[in-house]
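# Tertiary structure, described
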Amino acid sequence: MHALSRFSLALEPGEIHGLIGPNGAGKTTAINAICGTAGRDGGTIELDGNAMDPHPRRLVACGIGRTFQTPAIFFDLSAVANVLVGAYAQGRSGVLRGSVAAPSALAEEEKLTARAVELLRSVGYDGDPHAPAKLLPFGMHRQIEVARMLVSDPRILLLDEPTAGLAGHEVARLVALLRELRTKRGVTILLVEHNVPFVFGLCDRVTAMHDGKDIASGTPAEIRSHEDVVKSYLGYQHGAAESERAPQAPRGGVKVLELRDVASGYGATTVLRDVSLYVGAGEVVALLGRNGAGKSTLLNTIVGDPKARGGDIFWEGRSLRGLGTDRVVASGIGLVPQDRAVIVRQSVDDNLELATFGLHLGRRQFEERRDEMLTRFPRLQTRRTSFAGSLSGGERQMLAIAKVLMRRPRLLLLDEPSIGLAPAIVNELQGIIAALRDDGLPIMVAEQNVSWLAPVSSRAYLIEGGRIVDEGPPSRLAEAEALTEAYLGTVS
Amino acid sequence: MRFPFAPLVFGTVLGLLGIAVAYALPSYPRFIFGEFAVLVIITLGVNLLLGVAGLLSLASPAFVGIGANLSTAIMLRAHVPILVSIPIAVATGWCVGWLLGFLSLRLAGFYLAMVTFGFLDVFLVILNEGGDLTGGGYGLIVPPSSLPLLGPVTLDVTIAISAFTAGIAIVLVREVQRSRIGRAWIAIKDAPVAAEMQGIDVAHLKTLAFAVSSALATLAGTYQALLLGVTNPSAYSLNVSVAHLTYAVVGGMSASIVGPILGPLLLFVVPEVFRAIGQYREVFYGAILLLVLVIAPNGIAGTLEALTQRTRSRP
């Protein structure tokens, strides 16, 4: 499977270069390829004009530092010890000299420790350097990871979503640090980020990726207005399919699901704030937003994992506050998560059967429902006895939805169903959703790619930074302007 | 206090303290203390391998066995003095441990444990089929030996040496675990890919951990033979592997060396000293294990560490 195909990128010395692209474009894979942790066939990587054979162990020697989407901290070590691991290559003491604290080992340790503590301070770490990393909050993990990266004095930094999960002031501090590194020390930085306005504000040049290829490269202003880039983020346009599926907006519909001022998050981080929205009977509602905006968190909060921390959620008039996922699902809500989880080692038939666990259906009831699913999803008909693991992406998506529908939910939540699917399959998906809507099932769909969803939905919300920032007819929100604004931001 | 060679100084002090304790004890408790010292040395190795480097091995009794049998066999058959036989045995243990370490490069967790268990099995076969060299199924009788300055190696001398070695080992192992190599081991355990990206040669460090751990067990084995006066081929079963791991787990697995001391203390010394408990040794053993794993999964030392650390991290 190819995550990158004929991908080209050139970094100028001393620049901050952004790498953007929708989900699955291959951004992290590009970084992995440079680090030698992604299998590579074909193409060359050159460092200072010389061919380079990337291997993780050679990164420090090549002067390359890297951070991960989730900080790869050594949790059993203290903050300063973490940074000292970054200085491993600068040390020489082995088991013998280390165990007896020979003078050379001691001197080396003292010198490197002083440097490590200084670096921690310089990235804004203000805790106890000897505090164990596992007891520290998330923001400090990132600081430690950056300090660890910097202790070996790298010339090139590869940063994978470094601002994910950071609060505003932490982001500002990171930006200041990166600028300083670039300006004062001539460090070259490659930055992968979903927060495109952030990238445009910070980077000298930007490369946009789509489906494993680079599609455009240039200054932020050039990229923002580049037709291919806008299309890759907003999705492809649908043709005839649109007019066939003109939505029937509910008239004076009852609000079956309502969120009022909901707040939610994971651990120490609050992701959603003051979220208020509703889904009416028989409606298809679109929840639009870029990556990291909070769409998945919102859907997950509705089903109770994570539980809402503020506000309330009303389903068919009853509050869902504090209920566990099992109770929420039992009350008639179904969620098809982004990862389309199916039981890969079981057949399609068995997956459908397992989906009814706990419902105590009679044989005939079960067969009735199952046949209904196979009619709705004709693709599954031919694959009934195949293992779920052998299904294509589109078939797996169909199965994931069918499993949820086997429980006859009265509200269906879909988390980015069109990701990674070919246009033809997305077309089918559109038809299935329209059919479900016509049968009276209220549906909320979280999506980045709005164009396929707009024709079949009656209302849309736009979520950004964990808050609802816009609401209205999908056609208006789908207009290139508004979404470009949200996804790509304004360039000053 | 950090000054050059401080660990050697502190290790010597601790070792001398151990000798003093041994001297002060009446004869049977003194013997128990000697055994305790041997177990501490073994557990230091197990903790280093599993708690610090994250590598699960069931082969520790094999190295105890190599120490006991090899040093005894070459003293007996080749008439080599003890000052030579012990280093030879330990060097062999180091090399064999290094080779075993190669197995860890491709395997982890359960699969690694099974392979090390296989190694233990092979060792047992060699031991039992070794004929003259290993005493067949009956073991060997440890010949009398003597040391320069100290004279004949009596039981008391052996106990003193074991106690002293344990003292030095405790301090030196602690120092290694806090040093550059120790940090690298922990890094490999926690996030191997990120560790490698810091320039750490993961393969080298894994085999090194095996070598050090095995050398410690081998050294303990040579003392074990001297303490008992015989080698015992049936003393190296899977039960013993589990016992070693239990000492480490209950004591608390981390870079702290309190764990390797607490484990054998609680699970070996206590049942021996308190006869009443000793009678229900298995029940006591099981009860402690269950209690620790349920209430304090990081072992006793781990839990103590967590308590003291919580106060530290408050900003």
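Residues numbered from 1 in each chain as written. Chains lettered and ligands numbered in written order. Predicted model: local features only at pLDDT ≥ 70, side-chain atom pairs only at ≥ 80, totals over all residues.

## What about the overall build of chain A?
Counting its regular elements, chain A contains 20 helices and 18 strands. Its C-alpha atoms give chain A a radius of gyration of 25 Å, near enough to 23 Å, the size a compact globule of 492 residues would have. Its C-alpha atoms give chain A principal-axis dimensions of about 80 × 50 × 45 Å. Split into buried and exposed, the 492 residues of chain A put 45% on the buried side. Nonlocal contacts in chain A, meaning residues at least 24 apart in sequence, comprise 71% of its contacts between residues at least 6 apart. (Helix = DSSP H or I, 4+ residues; strand = E, 2+ residues; numbered from the N terminus. Rg over C-alpha atoms; globule rule 2.2 N^0.38 Å. Buried ≥ 20, exposed ≤ 12 C-beta atoms within 10 Å, placed from the backbone. Contact = placed C-beta atoms within 7 Å.)

## Section: the overall build of chain B
Assigned secondary structure in chain B consists of 14 helices and two strands. Taken over C-alpha atoms, the radius of gyration comes to 19 Å for chain B, in line with the 20 Å a tight globule of 315 residues would show. When its C-alpha atoms are laid out on the principal axes, chain B stretches across 60 × 45 × 45 Å. The proportion of buried residues among the 315 residues of chain B is 50%. Across chain B, the fraction of contacts at a sequence separation of at least 24, relative to all contacts at a separation of at least 6, is 77%.

## Some details on the interface of chain B and chain A
Counting from both sides, the interface comprises 34 residues of chain B and, opposite them, 37 residues of chain A. Secondary-structure elements contributing two or more residues to the side of chain B that touches chain A are α1 (6-24), α6 (155-178), α7 (180-190), α8 (192-196), α9 (202-228) and α14 (299-312) of chain B. The greatest single-element share of the side of chain B that touches chain A, amounting to seven residues, is contributed by α7(B). Tallied by class, the residues present in the side of chain B that touches chain A amount to 20 nonpolar, five polar and nine charged. (Nonpolar A, V, L, I, M, F, W, Y, C, P; charged D, E, K, R; others polar.)

## Topic: the pairing of strand β6 (residues 188-192) of chain A
Residues and elements named next belong to chain A. Of all the five residues making up β6, five are buried; the element is thus mostly covered by neighbouring parts of the structure. Across the two faces of β6 the burial is the same, with T188, L190 and V192 and I189 and L191 all buried. Note that strand β1 (residues 16-20) and β6 share four bridges and pair parallel. Directly across from L19, in β6, lies its bridge partner V192. Bridging between strand β5 (residues 156-160) and β6 involves five bridges; their strand directions are parallel. Each bridged residue has a counterpart across the sheet, and for D160 the counterpart in β6 is V192. Taking the sense of rotation as the criterion, the β-α-β connection linking β5, helix α7 (residues 168-185) and β6 turns out right-handed. (Pairing = 2+ DSSP bridges. Right-handed = clockwise from strand over helix to strand, strands pointing away.)

## Digging into the domain arrangement of chain A
Partitioning chain A into structural domains gives domain 1 (16-234) and domain 2 (241-488). Using C-alpha coordinates to define each centre, domain 1 of chain A is positioned 36 Å away from domain 2 of chain A. (Domains from an automatic or database assignment.)

## Notes on the packing of helix α10 (residues 238-251) of chain B against helix α11 (residues 258-273) of chain B
Residue and element names in this part refer to chain B. It is the contact of α10 with α11, at a shortest axis distance of 7 Å, that shows an interaxial angle of 115 degrees. Regarding the angle of α10 to α11, the classification is roughly perpendicular. Regarding α10 and α11, the two cross each other, and that crossing is right-handed. Contact with α10, carried on its side by T246, Y247, A248, V250 and G251, involves G259, P260, I261, L262, G263, P264, L266 and L267 of α11 and no other residues of that element. (Axes fitted to C-alpha atoms, helices over the stretch in contact; angles between N-to-C directions. Parallel < 35°, antiparallel > 145°, perpendicular 65-115°, else oblique. Left-handed = near helix turned anticlockwise from the far one by under 90°.)

## What about the nonpolar core?
If you look at the biggest cluster of nonpolar residues, it comprises 157 residues, and the most contacted ones within it are V83(A), A147(A), I41(B), A184(B), A209(B) and L216(B). A total of 15 residues in this core trace back to one element, the largest contributor, which is α9(B). Ignoring any residue separated from it by four or fewer positions in sequence, one finds A184(B) in contact with V85(A), Y88(A), A195(B), I200(B) and L205(B). (Core = buried A, V, L, I, M, F, W, Y, C linked by C-beta atoms within 7 Å.)

## Description of α7(A)
When the terminal C-alpha atoms of α7(A) are compared, their 25 Å separation across 18 residues agrees well with the 26 Å that a helix rising 1.5 Å per residue should span. With its phi angle positive at about 65 degrees, G186(A) sits one or two positions after the end of α7(A). (Expected span 1.5 Å × (residues − 1).)

## Some words on the packing of helix α3 (residues 60-78) of chain B against helix α5 (residues 109-128) of chain B
All names here are of chain B. Running from amino to carboxyl end, α3 crosses α5 at an angle of 30 degrees, the nearest separation of the two axes being 9 Å. The orientation of α3 relative to α5 falls into the category roughly parallel. Judged by the twist between their axes, the crossing of α3 over α5 is left-handed. Contacts between α3 and α5 involve P61, A62, G65 and N69 from the first element and F119, L120, F123 and L127 from the second. The residue makeup of the contact of α3 with α5, split by class, is six nonpolar, two polar and no charged.

## As for the confidence of the model for chain A
Fine structural detail should not be taken from predicted coordinates in areas where pLDDT scores are low. Scored by pLDDT, chain A comes out at a mean of 86, with 92% of its residues at no less than 70. Note on residues 236-246 of chain A: pLDDT is under 50 here. Beyond four places in sequence and across chains, it has 14 contacts. (pLDDT = per-residue confidence, 0-100.)

## Focus on the environment of G51(B)
All names here are of chain B. Relative to the assigned elements, G51 resides in helix α2 (residues 27-52). Assessed through the 29 C-beta atoms surrounding it within 10 Å, G51 is described here as buried. If we skip the residues at most four places from it in the chain, G51 touches A248, M253 and S254.

## Observations concerning the sheet that holds strand β9 (residues 255-266) of chain A
Residue and element names in this part refer to chain A. Across the sheet, which stays open at both edges, the four strands sit in the order β10-β9-β12-β13 with antiparallel pairing between neighbours. Looking at strand neighbours, the two that pair on one side only are β10 (269-280) and β13 (318-319), the edges of this open sheet. Sheet analysis places β9 next to strand β12 (residues 310-315), joined by five bridges and oriented antiparallel. Looking across to β12, one finds that R260 is bridged to D312. In the packing of helix α12 (residues 295-302) onto the sheet, contacts are made with β9, β10 and β12, and the angle to β10 comes to roughly 70 degrees.

## A short note on the environment of L304(B)
Along the chain, L304(B) turns up in helix α14. Remark: the alpha-carbon pair of L304(B) and V258(B), spanning 46 residues in sequence, is separated by 9.9 Å.

## A look at the sheet that holds strand β11 (residues 284-288) of chain A
All names here are of chain A. Taken in spatial order, the six strands line up as β14-β15-β16-β11-β17-β18 in an open sheet, and their pairing is mixed. The sheet terminates laterally at β14 (333-336) and β18 (467-472), the two strands that pair on one side only. Between one strand axis and the next, the sheet turns by 20 degrees as a mean value, whatever way the strands run. For β11 and strand β16 (residues 443-447), the ladder comprises five bridges, and the chain directions are parallel.

## A few points about the pairing of β16(A)
All names here are of chain A. For β16, a buried count of five out of five residues is recorded, marking the element as mostly surrounded by other parts of the structure. Residues I443, V445 and E447 line one face of β16 and the alternating positions M444 and A446 line the opposite face, and both faces are buried. Here strand β15 (residues 411-415) pairs with β16 via four bridges, running parallel. Paired with D415 across the bridge in β16 is A446. For the handedness criterion, the β-α-β arrangement of β15, helix α18 (residues 423-438) and β16 is classed as right-handed.

## A look at the environment of G137(B)
Residues and elements named next belong to chain B. By secondary structure assignment, the location of G137 is in the loop between α5 and β1 (146-147). Distance from G137 to V125, taken between C-alpha atoms, is 10.0 Å for residues 12 residues apart in sequence. Here G137 is in contact with N128 and P233, once residues within four sequence places are set aside.

## A few points about helix α13 (residues 281-295) of chain B
When the terminal C-alpha atoms of α13(B) are compared, their 21 Å separation across 15 residues agrees well with the 21 Å that a helix rising 1.5 Å per residue should span. With respect to burial, α13(B) is a largely exposed element, only one of its 15 residues being buried.

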